[in-house]
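# Architecture and fold: a report
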Amino acid sequence: MNEPSAPGSYGDWHTVAEAGQVFEAELMALRLRGEGIDARVIDQSYRQEPVPSVRALSLVRVLVPAEHAGEARRLLAERLDLPEDTEDGEDEGAGTGGPSED
């Protein structure tokens, strides 16, 4: 028999992370999708200005299929370093006000 759903779970989908902003949850979901784990973002926030940021009113959940919940939590807990090189690696000579002379 199935065990009762954990808080924040919806059927076969389990909450693996919570965020205060939709963009934060979308970034987490994007990382999981990049690793091959289906992820959904559920925005349960309520905003009516001027209401201070109250956690109970600003909840956005990231859900994954139950069988991938453990792996998803592990991936989100890992540190992800940004690459050191950038696309516009032309920082040398930046701020000189003109093209560099050859």
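Numbers given for residues are sequential positions, taken from 1 along each chain in its written order. Given that the model is predicted, a residue must reach a pLDDT of at least 70 before its local features are reported, and side-chain atom pairs must reach 80 or more before they are shown or counted; all residues, however, enter totals for whole chains, interfaces and linings. Working from all heavy atoms in the structure, the side-chain values ignore hydrogens and water.

### Observations concerning the environment of Arg40
Here Arg40 shows up in strand S2 (residues 40-43). Judged by relative accessible area, which is 44%, Arg40 ranks as partly exposed. Here the alpha-carbon distance between Arg40 and Ala29, two residues eleven residues apart in the chain, equals 6.6 Å. We call two residues contacting when some pair of their heavy atoms lies within 4.5 Å. Those residues in contact with Arg40, other than ones at most four positions away along the chain, are Trp13, Arg33, Arg61, Val62 and Leu63. Going along the chain from the N terminus, every DSSP run of H or I of four or more residues is numbered as a helix, and every run of E of two or more is numbered as a strand. Relative accessibility thresholds used throughout: buried, under 20% of the residue-type maximum; exposed, over 50%; partly exposed, between the two (1.4 Å probe, protein chains only).

### Here's the deal with the pairing of strand S3 (residues 60-65)
The buried fraction of S3 is high, at six of six residues. Pairing of strand S1 (residues 13-19) with S3 involves six bridges; the strand directions are antiparallel. Of the residues in S3, the one forming a bridge with His14 is Val64. Two strands qualify as a pair provided that DSSP identifies no fewer than 2 bridges between them. Across four bridges, the pairing between S2 and S3 is antiparallel. Pairing of Arg40 across the sheet is with Leu63, part of S3.

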